[in-house]
Amino acid sequence: MTISSNKKLFTEPFHLLKKNIFYFLLLDASLIVSLYSINYLISSYIFDFRNMLAVIQQNNLLIFVLLPLIIIYLLILLLVYSIFKYFTLEIIAEKESEAKFKNILKLYRLNTKIFSIFFVLFAIINIVFFSIPNEYMVAYAFATMLPFIFLLTLFIDVLHADFALNINKKGNNKLRFKRIFENKRLIVTKILFYIGIIILYLLYNHLGTNRSILLMPYTVLSLIMVYAIMKIEMVLALEVLHK
């Protein structure tokens, strides 16, 4: 019985991904276009975010003046992300809600909490990064950013899955920290996924260094695999929490 349930746990995400791949691709493509369009409009008519960062690097005190603009910019992008992610979660959870607008705002508040925590952590990592000797920067970046990205995606996967399971209930925009670490199987699976992505990246560098003709098809295949892994992680998180 256990073997059967384990098999079902890992096969259902693939079936769900296959069944809804068109909708996932459409939503993700629309998200990318929307984020690019907003970034283009804001950079063209309000402020150029990249130039702003360059100015801040020259004078760190300016961050306190420009911080409100940065926060507004990031909150706009986060709202757009939350809208598209909500419809993805509806597909995965196979639940439709009549109060879509209200639930989107709940997901937006949840995402604001998640990304606020990791924004502070990212800022601390960067402050330390620019204060250490140059010879240690690469090692420090790998030692900090890999766990950072892993934990960020773990928080997003689990808390979004928990949100999807309770999509029509009150108070489902809370940070349920206990839910994040209570299932070891999900964490182990996610670690294996990340090991796979790192191996793909190392092979990509190897092919690029040797100027292999396989680099282009390998890159396309790798991007497809990474995209599938990201979607399977989300579905798997929901399946595991549901058990």
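Residues numbered from 1 in each chain as written. Predicted model: local features only at pLDDT ≥ 70, side-chain atom pairs only at ≥ 80, totals over all residues. Heavy atoms only, no water.

### Comments concerning the packing of aromatic side chains
The description of an aromatic ring pair uses the distance of the two centres, along with the angle that the planes make with each other.
Thinking step 1. Enumeration according to the criterion identifies 10 aromatic pairs in this entry.
Thinking step 2. Plain terms: the ring middles of Y86 and F87 are 5.6 Å apart, the flat faces sit at 80° to each other, and that makes the pair edge-to-face.
Thinking step 3. According to the relative accessible area criterion, F87 is partly exposed, its value standing at 31%.
Thinking step 4. With a centroid separation of 5.6 Å and 70° between ring planes, the pair formed by F118 and F148 is classed as edge-to-face. Of this pair, F118 sits in helix α4 (residues 100–129) while F148 sits in helix α5 (residues 137–165), placing them 30 residues apart in sequence.
Thinking step 5. One aromatic cluster is present, built from ring pairs that chain together F118, F122, F148, F155 and F181.
Thinking step 6. Taking NZ or CZ as reference, K231 lies 5.8 Å from the ring centre of F24, over its face. (Phe/Tyr/Trp six-rings, centres within 6.5 Å; stacked < 30°, edge-to-face > 60°. Buried < 20%, exposed > 50% of the residue type's maximum accessible area, 1.4 Å probe, protein only. Helix = DSSP H or I, 4+ residues; strand = E, 2+ residues; numbered from the N terminus. Lys NZ or Arg CZ within 6 Å of the ring centre and 35° of its normal.)

### A word on the nonpolar core
Thinking step 1. Counting 51 residues, the largest nonpolar core has I92, I114, F163 and L238 as the members making the most contacts within it.
Thinking step 2. If you list the elements that add at least two residues to this core, you get α1 (2–45), α3 (63–93), α4, α5, α7 (184–209) and α8 (215–242).
Thinking step 3. The greatest single-element share of this core, amounting to 13 residues, is contributed by α5.
Thinking step 4. If sequence neighbours within four positions are ignored, L238 has contacts with I92, A93, A161, A164 and L165. (Core = buried A, V, L, I, M, F, W, Y, C linked by side-chain atoms within 4.5 Å. Contact = heavy atoms within 4.5 Å.)

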